[in-house]
Amino acid sequence: MNKKEVLRFRCSPLEKAIIEKKAADSGLSASAFCRASALGQKMGYKLTDEELEIYRMLTTYHNNFTSISNLLKDRDSRFAAEVKTAAAEIKEHLKKLQ
């Protein structure tokens, strides 16, 4: 979208610091953050390195549990059902992080 219009507003140094911190946490510029906030758009936040590592680990676990579940699919056992449930729970946690 072509953005030609300029909108300016005044704020205190503390307010500016807070806006810039929240913008950085969301992975947006201060301008994009203010625009999204004013328009009521949903904003996420940028994951830290530790959170990204946990996300990758959960993805690996999910894939492994799904593979195990597929191997046990032919056998109708409670263990296979538990593995499938674990994979589903991990997937729900992954959806929350997205």
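For the structure itself, look to the data block above.
Residues numbered from 1 in each chain as written. Predicted model: local features only at pLDDT ≥ 70, side-chain atom pairs only at ≥ 80, totals over all residues. Heavy atoms only, no water.

Caption draft 1: View of the overall build of the protein chain. Of the regular secondary structure elements, the protein chain holds four helices and zero strands. Going residue by residue from the N terminus, the α and β elements of the protein chain occur as α-α-α-α. Relative to the 2.2 N^0.38 estimate, which gives 13 Å for 98 residues, the radius of gyration of the protein chain is 21 Å and therefore markedly larger than a compact globule would have. For the protein chain, with 98 residues in total, the buried portion stands at 15%. Sequence separation of at least 24 residues holds for 36% of the intrachain contacts in the protein chain that already meet a minimum separation of 6. Carbon and sulfur atoms make up 55% of the accessible area of the protein chain, which totals about 8600 Å². Computing the positive centroid from 18 side-chain charges and the negative centroid from 13, the protein chain places the two 8 Å apart. (Helix = DSSP H or I, 4+ residues; strand = E, 2+ residues; numbered from the N terminus. Rg over C-alpha atoms; globule rule 2.2 N^0.38 Å. Buried < 20%, exposed > 50% of the residue type's maximum accessible area, 1.4 Å probe, protein only. Contact = heavy atoms within 4.5 Å. Areas by Shrake-Rupley, 256 points an atom, 1.4 Å probe, with all protein chains shown as cover. Lys, Arg positive; Asp, Glu negative; His and termini not counted. Charge placed at Lys NZ, Arg CZ, Asp CG, Glu CD.)

Caption draft 2: Expanded view of helix H2 (residues 30-38). Taken together, the buried positions of H2 are Ala32, Phe33 and Ala36. For H2, the buried positions fall inside an angular range of 100° around the axis, keeping them on one side. As for H2, its buried residues are in contact with helix H1 (13-26). Just downstream of H2 lies glycine 40, where phi reads positive at about 70°. (Arc of directions from axis to C-beta.)

Caption draft 3: Representation of the pattern of salt bridges. If you walk through the whole model with that rule in mind, you get four salt bridges. Here lysine 21 ties to aspartate 25 by a salt bridge, and the two come within 2.9 Å at their closest N and O atoms. Linking lysine 21 with aspartate 25, this pair stays in helix H1, spanning four residues, or about one helical turn. Given the relative accessible area of 34%, aspartate 25 is considered partly exposed. Linking glutamate 92 and lysine 95 is a salt bridge whose minimum nitrogen-to-oxygen distance equals 3.7 Å. Of this pair, glutamate 92 and lysine 95 both sit in helix H4 (residues 78-97), separated by three residues, roughly a single helical turn. Given a relative accessible area of 47%, lysine 95 falls into the partly exposed group. (Salt bridge = Lys/Arg side-chain N within 4 Å of Asp/Glu carboxyl O.)

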